[in-house]
Amino acid sequence: MKILITGGAGFIGSNLAEALLSRDDITYVRVLDDLSTGFRHNINDLIGHPKFEFVQGDIRDYDTCVKACKGMDIVSHQAALGSVPRSIKDPITTNAVNITGTLNVYTAAKEEGIKKVIFAASSSTYGDDKTIPKVENKIGNPLSPYAVTKYVSELYAKVFADLYDMNFIGLRYFNVFGPKQDPNGAYAAVIPLFMKAALEGKAPTINGDGSYSRDFTYIDNVVEANIQAMQIPVNDKAQNEIYNIAYGKRTTLNELWSYIKEVSKTAVAATHAKVRMGDVPHSLADISKARKLLGYGPLFDVKKGLFYSFEWYKEYYNRKIENC
Ligand code: NAD
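A.B. asks: Which residues make up the site of the ligand, and what are the values?
C.D. replies: The full set close to the ligand counts 27 residues, and Ile-12, Asp-33, Thr-37, Asp-58 and Tyr-146 are the nearest of them. Between Thr-37 and the ligand, the recorded distance is 2.7 Å, taken from a side-chain N or O atom to an oxygen atom. Take Tyr-146: an N or O atom from its side chain is 2.6 Å from an oxygen atom of the ligand. Relative to its unbound accessible area of 820 Å², the ligand is 91% covered by the protein chains. Of all the elements in the fold, those that place two or more residues in the shell around the ligand are helix 1 (11–21), strand 5 (116–122) and helix 5 (145–164). Of the residues forming the shell around the ligand, the biggest block, three residues, is contributed by strand 5. A per-class count over the shell around the ligand returns 13 nonpolar, nine polar and five charged.

Given below as structure tokens:
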């Protein structure tokens, strides 16, 4: 199998690329990324590998997508501008990358005769639906431009599958964390920020009283789900479906900081700020559909994932300090 990963220099895409290159059934991994939120350092260790190619380019450019799809068997579409707050601040750019870019990728895959596309969907699609745990077929109204764009990527997948004899699998990720997730910038996610705080011995800021909870999911579980999705034969009943990919249990923000204190041996207490606008109180996935049809089962629980993540951030900051 030859695989194109869009967004392969990002957090999830680069972990996936690394895992794929260690497999015998994968003969080629091409990454297409414009390095807007991803980094060359995420794929430095892969550059030079005989089965690996990096193409720097923008999915908003259709011809770039066609070139990147040439000769590939599967497209793993991970490229997007993440972050709800970023999309609230700049909905036009989020729309251009996540909707036009996604349409370019799907169309290029069609033009190049690619039959399998696996794409990164998002738990944000559940919007204001209050059901806990979240089940794939029950969504609410989107609460941000980002959520709109991720839902549109699902809608286009369905239409393309119906019209063009292609197979799509959408993986709705829930709060993924782990090595290579960017701890810097205005839109950093909560776990990298907490890791940074732990390493600097500073108090992290918890928005709200800490009772809000998320289904935090370690990256290796997500990589495994992607690999399982790639193995599903075309025209199998598991194709053209959307799946929750998560750990399947929730962790409150207070619990999260106490686990990080444990793995980092930090004693600092968190400080609390106001709840962020648009934050839903709880998020939890029902993963039974992925278990049944994809054969997915999370291999790592939150604590183990935090342990491996902390080890990575420790090394990351040491290297940064050495390079100063
Ligand atoms: P990331 O920002 O680390 O990776 C996204 C990658 O896409 C980056 O390398 C970036 O440079 C690239 N990219 C952005 N715009 C591009 C463009 N115009 N052309 C080419 N490449 C472009 O984010 P991530 O956390 O790895 O997310 C990967 C995917 O998973 C995204 O589609 C995101 O919406 C989805 N997702 C992530 C989470 C999570 O918790 N991390 C949750 C739900 C969904």
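A.B. asks: Tell me about the packing of aromatic side chains, residues and numbers included.
C.D. replies: The final tally for this structure, using the stated rule, is 17 aromatic pairs. Here Phe-300 and Tyr-308 contribute two aromatic rings whose centre-to-centre distance is 5.9 Å and whose plane-to-plane angle is 80°, an arrangement assigned as edge-to-face. The class of Phe-300 is buried, set by a relative accessible area of 17%. By way of ring pairs, the aromatic residues Tyr-106, Phe-119, Tyr-156, Phe-160, Tyr-164 and Phe-168 are connected into one cluster. Over the aromatic face of Tyr-126 sits the side chain of Arg-172, whose NZ or CZ is 4.8 Å from the ring centroid.

A.B. asks: Please provide a residue-by-residue account of the side chain of Gln-228, values included.
C.D. replies: Within the secondary structure layout, Gln-228 lies in helix 7 (residues 219–231). Here Gly-295 takes part through its backbone oxygen, which lies 2.9 Å from a polar atom of the side chain of Gln-228. Leaving out residues up to four positions away in the same chain, Gln-228 has contacts with Leu-294, Gly-295 and Tyr-296.

A.B. asks: Residue-level account of helix 7, with values.
C.D. replies: Look at helix 7: 19 Å from first C-alpha to last across 13 residues, which is about the 18 Å you get at 1.5 Å a residue. Within helix 7, 10 of the 13 residues are buried, which leaves the element mostly enclosed by the surrounding structure. All buried positions along helix 7 are accounted for by Ile-219, Asn-221, Val-222, Val-223, Ala-225, Asn-226, Ile-227, Gln-228, Ala-229 and Met-230.

A.B. asks: Let's hear about helix 8 (residues 253–264): which residues, and what values?
C.D. replies: With 12 residues, helix 8 should reach 16 Å at 1.5 Å per residue; the first-to-last C-alpha distance of 16 Å fits that figure. Among the residues of helix 8, those classed as buried are Leu-253, Leu-256, Trp-257, Ile-260 and Ser-264. End-on view of helix 8: buried residues confined to an arc of 95°, all on one side of the axis. Once helix 8 ends, the next one or two residues include Lys-265, with phi positive near 55°.

A.B. asks: Let's hear about the nonpolar core: which residues, and what values?
C.D. replies: In terms of nonpolar packing, the biggest core is built from 65 residues, with Leu-20, Phe-52, Ile-245 and Leu-294 touching the most fellow members. Here Ile-245 is in contact with Leu-171, Arg-172, Tyr-173, Phe-174, Thr-217, Val-222, Ala-225, Ala-290, Leu-294 and Tyr-296, once residues within four sequence places are set aside. In this structure, Ala-68, Phe-160, Ala-161 and Phe-168 belong to the second largest nonpolar core, which totals 26 residues.

A.B. asks: Tell me about the pairing of strand 11 (residues 241–245), and name the residues and values.
C.D. replies: Burial runs high along strand 11: four of the five residues are buried. Direction of pairing for strand 6 (residues 167–173) relative to strand 11: parallel, over a ladder of five bridges. Residue Arg-172 lies in a different strand from strand 11, and its bridge partner there is Asn-244.

A.B. asks: Lay out the side chain of Ser-144 in plain terms, naming residues and giving numbers.
C.D. replies: Summarising the element assignment, Ser-144 is placed in the loop between strand 5 and helix 5. Overall, Ser-144 belongs to the buried group, its relative accessible area being 8%. There is a polar contact of 3.1 Å between the side chain of Ser-144 and the backbone nitrogen of Ala-147. Ser-144 has contacts with Val-84, Ser-87 and Ile-88, leaving out every residue within four places of it along the chain.

Cut-offs and rules
- Residues numbered from 1 in each chain as written.
- Predicted model: local features only at pLDDT ≥ 70, side-chain atom pairs only at ≥ 80, totals over all residues.
- Heavy atoms only, no water.
- Near = heavy atom within 4 Å.
- Polar contact = N/O pair within 3.5 Å; in protein donor to acceptor, adjacent residues only side chain to side chain.
- Areas by Shrake-Rupley, 256 points an atom, 1.4 Å probe, with all protein chains shown as cover.
- Helix = DSSP H or I, 4+ residues; strand = E, 2+ residues; numbered from the N terminus.
- Nonpolar A, V, L, I, M, F, W, Y, C, P; charged D, E, K, R; others polar.
- Phe/Tyr/Trp six-rings, centres within 6.5 Å; stacked < 30°, edge-to-face > 60°.
- Buried < 20%, exposed > 50% of the residue type's maximum accessible area, 1.4 Å probe, protein only.
- Lys NZ or Arg CZ within 6 Å of the ring centre and 35° of its normal.
- Contact = heavy atoms within 4.5 Å.
- Expected span 1.5 Å × (residues − 1).
- Arc of directions from axis to C-beta.
- Core = buried A, V, L, I, M, F, W, Y, C linked by side-chain atoms within 4.5 Å.
- Pairing = 2+ DSSP bridges.

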